[in-house]
Amino acid sequence: MGATLEQIATYLDHRQLSYDLRPERFLVVVRVPTDDPQPLTVVVKLEEEGQFFKVFVPQVVGGVQTHPHKMAILQTMLIISWETKMLQWEYDPSDGEIRAIIEFPLEDSTLTEQQFDRCFDGLVEMVADWALPRLQEVMATGYDPGDADLLLGEQLLLTIQEESPGMLTLLERAMEARKHRGNFHSKRD
């Protein structure tokens, strides 16, 4: 079973998106309008005779191979992966290309339109609205703007520790007790 390019084309037709079908390479290239003047390129690729599904944004950012903030960029990619569902990153060390990708095996299942929509929409939204601006900031400054909240939280914890010794231990125990109560109640529902 799995998926076919014709099936993917039908799903894209339902969304009224134009696309370039490339059956010789088992892929579809879609240009998605975003708030940027340049549309976002999204590639849907089928492998293993349609039993493996990939949707990715090629060249999210380029030139990372020799970039002075390479380590901060790669670290930010890992942090974004940690903070999101499904989204993964690929880095080509030969040319520094970075791709954002969602991929999974279909095996003996069929790719439903709902699954396709969730992957496609999720990828476009995460890259265009969230990850790309964040990575561009890291490329420009060497600092991840997503770290700002963490730094503020760490500063707050240090202040609590200095102002009220023992308070952090009490808060930690209270959060652990709350977590256990939450698990207990969810098992009963």
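Data block above holds the structure.
Report on the accompanying structure. (Residues numbered from 1 in each chain as written. Predicted model: local features only at pLDDT ≥ 70, side-chain atom pairs only at ≥ 80, totals over all residues. Heavy atoms only, no water.)

## Structural notes on the pairing of strand β3 (residues 40-47)
The buried count for β3 comes to six of eight residues, which makes it a mostly enclosed element. As paired elements, strand β2 (residues 27-32) and β3 share six bridges and run antiparallel to each other. Within the sheet, the bridge partner assigned to Val30 lies in β3 and is Val42. As judged from the five bridges shared by β3 and strand β4 (residues 52-61), these two strands associate in the antiparallel manner. Bridge pairing in β4 links Glu47 to Phe52. The loop that links β3 with its antiparallel partner β4 comprises four residues; one of these, Glu48, has a positive phi angle of about 55°. (Buried < 20%, exposed > 50% of the residue type's maximum accessible area, 1.4 Å probe, protein only. Helix = DSSP H or I, 4+ residues; strand = E, 2+ residues; numbered from the N terminus. Pairing = 2+ DSSP bridges.)

## Regarding a nonpolar patch on the surface
The grouping of Met167, Leu170 and Leu171 at the surface amounts to a nonpolar patch, some 240 Å² of accessible area in total. In this fold, Met167 is placed in helix α5 (residues 167-188). (Patch = residues over 30% accessible without salt bridge, like charges linked within 9 Å, V, L, I, M, F, W, Y side chains within 5 Å. Areas by Shrake-Rupley, 256 points an atom, 1.4 Å probe, with all protein chains shown as cover. Salt bridge = Lys/Arg side-chain N within 4 Å of Asp/Glu carboxyl O.)

## Some thoughts on the sheet that holds β4
Two modes of strand pairing occur in sheets, parallel and antiparallel, and in both the strands are linked by backbone hydrogen bonds. Read across the open sheet, the six strands follow the order β1-β2-β3-β4-β6-β5; overall the sheet is antiparallel. At either margin of the open sheet sits one strand with a lone partner, and together these are β1 (19-22) and β5 (88-92). Taking the axes of each pair of neighbouring strands and ignoring which way they run, one obtains an average angle of 25° across the sheet. Relative to β5, helix α2 (residues 70-83) is tilted by about 155°, and along the sheet it contacts β5 and β6 (97-105). (Axes fitted to C-alpha atoms, helices over the stretch in contact; angles between N-to-C directions. Contact = heavy atoms within 4.5 Å.)

## Considering the packing of aromatic side chains
As enumerated under the stated definition, the model contains four aromatic pairs in all. On the numbers, 5.6 Å between centres and 40° between planes, the contact of Tyr11 with Phe116 is tilted. Of the two residues, Tyr11 is situated in helix α1 (residues 5-14) and Phe116 in helix α3 (residues 113-141); the sequence distance between them amounts to 105 residues. There is no split in this pair, since Tyr11 and Phe116 are both buried. Centroid distance Phe53 to Phe116: 6.3 Å. Interplanar angle 70°. Geometry classified as edge-to-face. Of this pair, Phe53 sits in strand β4 while Phe116 sits in helix α3; the two residues are 63 residues apart in sequence, bridging distant segments of the chain. Overall, Phe116 belongs to the buried group, its relative accessible area being 0%. (Phe/Tyr/Trp six-rings, centres within 6.5 Å; stacked < 30°, edge-to-face > 60°.)

Read these as layout, nothing more, since geometry by itself doesn't imply function.
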